[in-house]
Amino acid sequence: IKGKYNKLFAYYDDRIRQRLLSERFITDSMQHALESGQFQVFYQPKYELADESIVGAEALVRWMHSEKGVMSPGEFIPLFERNGFITQLDYYVWETACRCIRTRMDQGSPLVPISVNVSRADIFSQGFVENLRELVGKYKIPIQSLHLEITETAYTEDPEQIIKVVEQLRRLGFVIEMDDFGSGYSSLNMLAEIPIDVLKLDMRFIKKEANNSSGRGILRFIISLAKWLNLPVIAEGVETKEQMEILRMMDCNYVQGYYFAKPMPEDEFEKLLDKTAISAMKNVMANHPVQ
Ligand code: C2E
Ligand code: MG
Ligand code: MG
Ligand code: MG
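About the thresholds
Throughout this description, residue numbers start from 1 for each chain and increase along the sequence as written. Written order determines the labels here, with chains lettered from A and ligands numbered from 1. Per-residue local features are limited, in this predicted model, to residues with pLDDT of at least 70; the limit for side-chain atom pairs, both in listing and counting, is 80 or more; totals at the level of whole chains, interfaces and linings are taken over all residues. Think of the side-chain values as coming from all heavy atoms in the structure, minus any hydrogens and water. Buried, partly exposed and exposed residues are distinguished by accessible area as a fraction of the type maximum, computed with a 1.4 Å probe on protein chains only: under 20%, between the cut-offs, and over 50%, respectively. A run of DSSP states H or I qualifies as a helix once it reaches four residues; a run of E qualifies as a strand once it reaches two. Both are numbered from the N-terminal end. Salt bridge, as used here, is a side-chain nitrogen of Lys or Arg placed within 4 Å of a carboxyl oxygen of Asp or Glu. For the handedness criterion, the strands are oriented away from the viewer, and a crossover whose path from the first strand over the helix to the second runs clockwise is classed as right-handed. Here a polar contact means two N or O atoms within 3.5 Å. Within protein one must be a hydrogen donor candidate and the other an acceptor candidate, and residues neighboring in sequence count only if both atoms are side-chain atoms. Two residues form a contact once any of their heavy atoms are found within 4.5 Å. We define the nonpolar core as a collection of buried residues of types Ala, Val, Leu, Ile, Met, Phe, Trp, Tyr and Cys that are connected through side-chain atoms lying within 4.5 Å of one another. Listed donor atoms are N, O and S within 2.8 Å of the metal (Na, K and Ca: 3.2 Å). As water is not included, a site may look incomplete. The pairing criterion for strands is at least two bridges between them, as found by DSSP.

Per an unreviewed UniProt entry, the chain goes by Stage 0 sporulation protein A homolog and derives from Hespellia stercorisuis DSM 15480.

**A word on unusual backbone geometry**
Apart from glycine, the bulk of residues carry a negative phi angle, and the bulk of peptide bonds sit in the trans form. Even without being a glycine, E52 presents a positive backbone phi close to 60°. For E52, a relative accessible area of 36% corresponds to the partly exposed category. Positioned with a positive phi, K140 is a non-glycine residue whose angle comes to about 50°. By secondary structure assignment, the location of K140 is in the loop between α5 (128-138) and β5 (146-151). Among the residues examined, K140 registers a relative accessible area of 63% and is labelled exposed.

**What about the pattern of salt bridges?**
Throughout the structure, instances matching the rule amount to 21 salt bridges. One salt bridge connects E23 with R19, and the closest N-O pair in it is separated by 3.5 Å. Here E23 and its partner R19 are both found in helix α1 (residues 2-35), 4 residues apart, which amounts to about one turn of the helix. Its relative accessible area of 17% is what places E23 among the buried residues. Residue K241 pairs with E245 through a salt bridge whose shortest N-O separation is 3.4 Å. Taken together, the residues span about one helical turn, with K241 and E245 both in helix α10 (residues 241-249) at a distance of 4 residues. Of the residues examined, K241 reaches a relative accessible area of 47% and is grouped as partly exposed. Here the residues in one salt-bridge network are K46, E58, E149, E177, K200 and E236, joined through shared partners.

**Some remarks on the pairing of β5**
Walk down a regular strand and you will see the side chains alternate between the two sheet faces. Most of β5 sits inside the fold, with 5 of its 6 residues counted as buried. Handedness of the crossover joining β5 and strand β6 (residues 175-181) through helix α6 (residues 159-172): right-handed.

**Digging into the side chain of H288**
Turning to its location among the elements, H288 is positioned in the segment after α11 (266-274). A distance of 3.4 Å separates a polar side-chain atom of H288 from the backbone oxygen of F174. Side chain to side chain, H288 and D197 meet in a polar contact 2.8 Å long. Not counting residues within four places of it along the chain, the set of residues in contact with H288 comprises R170, G173, F174, V175 and D197.

**Some thoughts on the side chain of S279**
Inspection of the secondary structure puts S279 in the segment after α11. Relative accessible area serves as the criterion here: at 18%, S279 is assigned to the buried category. Separated by 2.7 Å, the side chains of S279 and S53 make a polar contact. Dropping the residues within four chain positions of it, S279 is found in contact with E48, S53, I54 and V55.

**Quick word on the nonpolar core**
Counting residues in each nonpolar core, the largest one holds 84 residues, and the members touching the most others are F39, F76, F80, L89, L146, Y155 and L247. When residues in this core are grouped by element, the largest group, 8 residues, is from helix α3 (residues 86-107). L247 has contacts with L49, I206, L219, I223, A235, V238, C252 and V255, leaving out every residue within four places of it along the chain. Core analysis: the next-biggest nonpolar cluster, separate from the first, contains 7 residues, V55, V198, Y254 and M281 among them.

**Considering the coordination of the magnesium ion (ligand 3)**
The magnesium ion (ligand 3) binds to the protein through D179 (OD), D180 (OD), E236 (OE) and E236 (OE); the donor distances cover 2.1 to 2.7 Å. Read N to C, the donor residues that coordinate the magnesium ion (ligand 3) are spaced as D-D-x55-E. In this model, the magnesium ion (ligand 3) sits 4.1 Å from the magnesium ion (ligand 2), the two metals being bridged by D179. Of this pair, D180 sits in strand β6 while E236 sits in strand β8 (residues 233-236), placing them 56 residues apart in sequence.

**Here's the deal with the environment of F124**
Assignment of secondary structure puts F124 in the loop between α4 (120-123) and α5. Between the alpha carbons of F124 and A226 there is a distance of 28 Å; along the sequence they are 102 residues apart. The contact partners of F124, leaving out residues within four places of it in the chain, are D158, Q161 and I162.

**A short note on the pairing of strand β4 (residues 114-118)**
Counting buried residues in β4 gives 4 out of 5 residues, a clear majority hidden from the surface. Of the strand pairs in this sheet, strand β2 (residues 54-65) and β4 are connected by 2 bridges, and their pairing is parallel. Bridging across to β4, E58 finds its partner in S115. Bridge count for β4 against β5 is 5 bridges, and the pairing is parallel. Among the inter-strand pairings, V118 is bridged to a residue of β5, identified as I150.

Written out as structure tokens, the structure is:
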């Protein structure tokens, strides 16, 4: 028995060691990576379900690492949220998205709003609202063209504080999308109180829930609840035609997922926009304070 436990212990010991080493490695290289352009912003289009026109895109960061290859956000964002680096990285992503919007305006291309992810740590960081405001000013882009995605779970602790900041952002004209709705435990009551413009359904609802009848019931319920609250809905993680058809039947407004397009580098995104119909998220500004 003793030998067995020792082995188990050695196993976990090794896993923890590996993890600490890899975290140390990331921490040691993140600053240089940012300065040397190893972080790249990819764009994943969002589509209007009715006619499959593009209504926007989400900016998603990738780390093009010289030794590790392409690293996805799941491998470093949680660590950056803990060590504080997320505020620097996110500012870089937001600025890149603003520049992308500016480039299209300079070309006279139709405006496509881009949403960026905002972490909880960003919201509590010094000068957060002011920095965002300055960014859109610097690039002279309409404030409504930079959407902000805030996950449902960000509201879990001190929701009042977050709501105050979000209200401030909305008054300035930013469009707020609630990300990963359904992954946390916010009450329906809360949903009616949080000031948001768009609801992004967590992928789990589409992935497994849509496969059985009770899951479909939940999906249908959430979509009609959002409608009742006057909130446009984006379904994330749509991977199959069948899922798309279910969502269409349920009158879901917008979709984002591999079935339509994966996140892609800016040049590819530009090419896609050139050959795809573009339309506005019509109902998004319906209950937005700045019209
Ligand atoms: P998210 O904001 O919910 O972004 C959607 C994620 O779902 C992205 O993963 C996207 O690639 C993935 N996805 C989209 N369609 C499909 C699909 O059909 N099937 C599957 N299996 N996945 C799909 P990604 O890029 O790996 O990002 C993961 C998470 O990391 C994001 O979830 C977001 O929370 C965070 N993240 C990504 N970029 C940033 C960033 O620049 N800043 C911050 N703070 N967080 C970021
Ligand atoms: Mg997001
Ligand atoms: Mg999401
Ligand atoms: Mg997420």
